[in-house]
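# Examination of the molecular architecture
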Amino acid sequence: MTQTSKAPGEHRDPRDELPEHLPALRAFAISLTRNVAVADDLVQDTIVKAWTNFDKFTEGTNLRAWLFTILRNTFYSDKRKHRREVPDPEGVHAASLFVKPAHDGHLAFSDFSAAFDQLSPEHREVLILVGASGFAYEDAAQMMGVAVGTVKSRANRARARLAELLGLEKGEEIFSGVDGQTLAVMSRSGMTAA
Amino acid sequence: MAQSTEPKASPDKATAKGGDNTKGKSRKELQQQIDENLRRVYEEALVQEVPDRFAMLLDQLRQKGTGK
């Protein structure tokens with residue numbers, strides 16, 4: 001995550017590095033808002049804020065984490081200001097809004113996405129930060145402004161809530177009754193994700 | 001001196017592995033599946049093309065020379 005690809009003598013302006021982080025920043029925004037239009041507005045606000053505050057960025061530290069922090073702070077302060085749920089007319093997964101229990105023995109991705117949409121933003125945030133985007137607990141704790149232990153317990157609660165939404169009990173044998181094809185698909189997606 | 005190179009006796013390890021740990025195991029598998037799906041949620045968003053408006057925004061900001 002913390003790449004020190006800087007050649008000696010080279011002093012790259014973090015402003016020039018910003019475009020490289022846009023896809024990740026946008027993916028994080030989409031994960032938080034679950035609405036592409038809202039996410040893009042959030043990314044726009046984040047870029048403007050970052051640009052005008054670059055003097056506060058400590059060079060050599062994790063630029064992506066800094067940008068993510070601005071984005072999530074903007075997201076939560078917007079939410080506090082508006083105090084309304086953003087409707088999701090053409091949202092990311094408007095088509096699949098209910099989850100049927102996955103008692104056929106595997107997690108269908110559409111079911112998973114629908115369950116993920118139903119999580120609170122705080123739960124989506126922690127799961128994406130530590131579960132998907134590859135940040136360490138320590139990085140996530142700093143971004144979220146909480147203790148590492150809080151990140152861990154929040155992540156655990158979020159996972160448990162997801163499992164609940166998916167109709168899975170904690171200790172359930174989810175692999176019973178899985179057919180070969182499903183297993184192949186799952187192991188393939190595991191490969192590409194790794 | 002070179003005692004540490006001796007292979008560790010592992011019969012107790014083997015029995016622990018064979019113990020009825022199925023609950024913990026399936027829980028771990030559930031976690032793995034959840035994490036795989038989380039990565040997929042994130043990656044689906046990650047591979048999308050970034051709209052041009054952001055490149056234009058950066059150009060505008062650069063021209064304004066804010067914070068320079």
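Residues numbered from 1 in each chain as written. Chains lettered and ligands numbered in written order. Predicted model: local features only at pLDDT ≥ 70, side-chain atom pairs only at ≥ 80, totals over all residues.

The name given to chain B in an unreviewed UniProt entry is Anti-sigma factor NepR domain-containing protein, and the organism recorded there is Cereibacter johrii.

In the annotation of an unreviewed UniProt entry, chain A is listed under the name RNA polymerase sigma factor and assigned to Cereibacter johrii. Annotation of chain A in UniProt includes, under Sequence similarities (unreviewed entry), the sentence "Belongs to the sigma-70 factor family. ECF subfamily." (UniProt positions renumbered as here; feature names shortened; annotations may be inferred.)

Turning our eyes to something else, we now look at the interface of chain B and chain A. Opposite the 26 residues of chain B that make contact, chain A presents 40 residues. Of all the secondary-structure elements, those providing two or more residues to the side of chain B that touches chain A are α2 (22-46) and α3 (52-64) of chain B. The element contributing the most residues to the side of chain B that touches chain A is α2(B), with 18 residues. Residue composition of the side of chain B that touches chain A, by class: 13 nonpolar, six polar and seven charged. (Contact = placed C-beta atoms within 7 Å. Helix = DSSP H or I, 4+ residues; strand = E, 2+ residues; numbered from the N terminus. Nonpolar A, V, L, I, M, F, W, Y, C, P; charged D, E, K, R; others polar.)

Another point: the confidence of the model for chain A. Residue and element names in this part refer to chain A. Mean pLDDT over chain A: 79, with 69% of residues reaching 70 or higher. Contacts of residues 93-102 to residues separated by more than four positions or lying in other chains number 23 contacts, the stretch itself having pLDDT below 50. Residue range residues 171-194 is modelled with pLDDT below 50. Its contacts to residues more than four positions away, or to other chains, number 28 contacts. (pLDDT = per-residue confidence, 0-100.)

Counting buried positions along helix α4 (residues 109-118) of chain A gives seven out of ten residues, so the element sits mostly inside the fold. Residues of α4(A) that are buried include every one of A:Asp111, A:Phe112, A:Ser113, A:Ala114, A:Ala115, A:Phe116 and A:Asp117, and no others. (Buried ≥ 20, exposed ≤ 12 C-beta atoms within 10 Å, placed from the backbone.)

A word on the UniProt feature "domain: Anti-sigma factor NepR" (unreviewed entry) in chain B. Under the feature "domain: Anti-sigma factor NepR" (unreviewed entry), the UniProt entry names residues 31-64 of chain B. End C-alpha to end C-alpha, residues 31-64 of chain B measures 48 Å, and it is 85% helix and 0% strand.

Moving on, we come to the nonpolar core. Judged by nonpolar contacts, the single largest core of 47 residues is most densely connected at A:Phe28, A:Ala29, A:Leu67, A:Leu71 and A:Ala140. Within the residue set of this core, elements represented by two or more residues are α1 (14-33), α2 (36-52), α3 (63-82), α4, α5 (121-132), α6 (137-144) and α7 (148-165) of chain A together with α2 of chain B. Both domains that furnish three or more residues to this core are identified here as domain 1 (16-82) and domain 2 (100-194) of chain A. (Core = buried A, V, L, I, M, F, W, Y, C linked by C-beta atoms within 7 Å. Domains from an automatic or database assignment.)

Taking the UniProt record as the reference, the feature "domain: RNA polymerase sigma factor 70 region 4 type" (unreviewed entry) is found at residues 114-162 of chain A. Here residues 114-162 of chain A is 82% helix and 0% strand, with 10 Å between the C-alpha atoms at its ends.

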